Amino acid sequence: YFFCRAFGRIDDPSLRLVTRNYFVADRDEYEALFAGARQDQVVGEVSPVYLASVHVAPEIARQLPDVRLVAILRSPIERVYARFVARYRDGLERRSFAEVVRDDLREPLIRDVAFGTYLPAGFCSHVLRTYLDCFPRDRIRIYLDRSSPAEITNPNAWRKMASEAGDAGFTQMKFDIDHMATECV
């Protein structure tokens with residue numbers, strides 16, 4: 001999360017607790033992450049938080065103007081619920097899902113910075129626009145993730161999906177709601 005160093009200013013202590021080991025302080029430390037890569041390898045990082053602020057794309061463009069970018073977008077509803085389930089499971093969220101939604105609806109949903117939120121982080125078209133403004137179109141790919149089951153709140157639907165993935169040979173895939181494919185085969 002080199003390009004989100006501002007996370008140190010986040011007020012949510014549980015977010016800082018979870019993310020403190022994932023941030024890279026400077027350019028040398030960031031480049032060291034890829035030092036072991038061979039010349040023929042494609043390297044990169046997975047940083048969903050880069051879609052939570054309009055300030056990230058200009059920083060990436062300034063420091064890595066030739067980078068290629070891939071965004072995989074989930075259904076906003078599935079993403080919100082999966083984030084809630086993970087944080088609840090990890091003891092980082094004590095409110096009910098209904099309370100989380102109610103509390104997020106008290107503030108504007110479209111925000112320039114949506115780090116640490118549930119609903120606002122799913123409204124990312126204005127953030128994607130900053131990437132399209134900062135990079136040539138041939139350097140950006142945007143995909144829609146259609147991997148979640150239709151009944152996302154039904155644990156049996158997740159078990160079935162994990163089992164089917166295991167049958168297809170994907171035995172180390174992790175699915176939301178804590179089901180490993182190997183647990184179902």
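Owing to the predicted nature of the structure, the values given are computational and were not obtained by experimental measurement.

How each quantity is defined
Residues numbered from 1 in each chain as written. Predicted model: local features only at pLDDT ≥ 70, side-chain atom pairs only at ≥ 80, totals over all residues. Heavy atoms only, no water. Helix = DSSP H or I, 4+ residues; strand = E, 2+ residues; numbered from the N terminus. Contact = heavy atoms within 4.5 Å. Areas by Shrake-Rupley, 256 points an atom, 1.4 Å probe, with all protein chains shown as cover. Polar contact = N/O pair within 3.5 Å; in protein donor to acceptor, adjacent residues only side chain to side chain. Salt bridge = Lys/Arg side-chain N within 4 Å of Asp/Glu carboxyl O. Buried < 20%, exposed > 50% of the residue type's maximum accessible area, 1.4 Å probe, protein only. Core = buried A, V, L, I, M, F, W, Y, C linked by side-chain atoms within 4.5 Å. Pairing = 2+ DSSP bridges. Axes fitted to C-alpha atoms, helices over the stretch in contact; angles between N-to-C directions. Parallel < 35°, antiparallel > 145°, perpendicular 65-115°, else oblique. Left-handed = near helix turned anticlockwise from the far one by under 90°. Patch = residues over 30% accessible without salt bridge, like charges linked within 9 Å, V, L, I, M, F, W, Y side chains within 5 Å. Lys, Arg positive; Asp, Glu negative; His and termini not counted.

1. Overview of the overall build of the protein chain
- Each helix and strand in the protein chain was counted, giving eight helices and four strands.
- In the protein chain, the succession of helices and strands from N to C terminus is α-α-α-β-α-α-α-β-α-β-β-α.
- Long-range contacts, defined as pairs at least 24 residues apart, comprise 56% of the intrachain contacts of the protein chain with a sequence gap of at least 6.
- Accessible surface, the protein chain: about 11,800 Å² in total, of which carbon and sulfur atoms supply 54%.

2. Overview of the side chain of Ser 47
- One can find Ser 47 in the loop between α2 (27–32) and α3 (56–63).
- In this structure the side chain of Ser 47 is engaged in a polar contact, spanning 2.5 Å, whose partner is the side chain of Glu 45.

3. Brief notes about the pattern of salt bridges
- Going through the model one piece at a time under the given rule, you end up with eight salt bridges.
- Note that Asp 103 and Arg 102 form a salt bridge whose closest N and O atoms lie 3.0 Å from each other.
- Note on Arg 102: relative accessible area 40%, which makes it partly exposed.
- The shortest N-O distance in the salt bridge between Arg 129 and Asp 133 comes to 3.6 Å. Placement of the pair is Arg 129 and Asp 133 together in helix α6 (residues 125–134), with a separation of four residues, close to one helical turn.

4. With respect to the nonpolar core
- In this structure, Leu 51, Tyr 131 and Phe 135 are the most contacted members of the largest nonpolar core, which totals 19 residues.
- The leading source of residues in this core is α3, at four residues.
- Listed in part, the seven residues of the second largest apolar core include Tyr 81, Val 85, Val 100 and Leu 119.

5. A closer look at the pairing of strand β1 (residues 69–73)
- With burial as the criterion, only one face of β1 is covered, namely that bearing Leu 69, Ala 71 and Leu 73; the residues Val 70 and Ile 72 on the opposite face remain uncovered.
- Pairing geometry for β1 and strand β2 (residues 140–144), over five bridges, is parallel. Across the sheet, the residue bridging to Leu 69 is Ile 140, located in β2.

6. Quick look at the packing of α3 against α6
- Relative orientation of the contacting elements α3 and α6 amounts to 25°, with a least axis distance of 8 Å. Compared by their axis directions, α3 and α6 come out roughly parallel. Once α3 is placed against α6, the crossing between them reads as right-handed. Across the interface between the two elements, Val 56, Ala 57, Pro 58, Ile 60 and Ala 61 of α3 pack against Thr 130, Tyr 131 and Cys 134 of α6.

7. Notes on the environment of Glu 93
- By the element assignment, Glu 93 lies in the loop between α4 (76–89) and α5 (97–104).
- Since its relative accessible area comes to 7%, Glu 93 is described here as buried.
- Along the sequence, Glu 93 and Arg 83 sit 10 residues apart, while their C-alpha atoms lie 9.9 Å from each other.
- Setting aside residues no more than four positions away along its own chain, Glu 93 makes contact with Phe 84, Arg 87, Tyr 88, Val 100 and Tyr 118.
- A polar contact of 2.8 Å, which involves the side chain of Glu 93, links it to the side chain of Arg 95.

8. Focus on a nonpolar patch on the surface
- Together, Val 70, Ile 72 and Tyr 143 make up an exposed nonpolar region whose accessible area comes to about 340 Å².
- With respect to the helices, strands and loops of the structure, Ile 72 is situated in strand β1.
- A residue is classified by how much of its surface remains accessible, and Ile 72, at 58% relative accessible area, is exposed.

9. Topic: the side chain of Arg 79
- The topology assignment puts Arg 79 in helix α4.
- In this structure, Arg 79 is buried with no salt-bridge partner, the nearest side chain bearing the opposite charge being Asp 104 at 6.9 Å.
- Apart from residues no more than four positions distant in its own chain, Arg 79 is found in contact with Arg 74, Tyr 118, Leu 119, Ala 121 and Gly 122.

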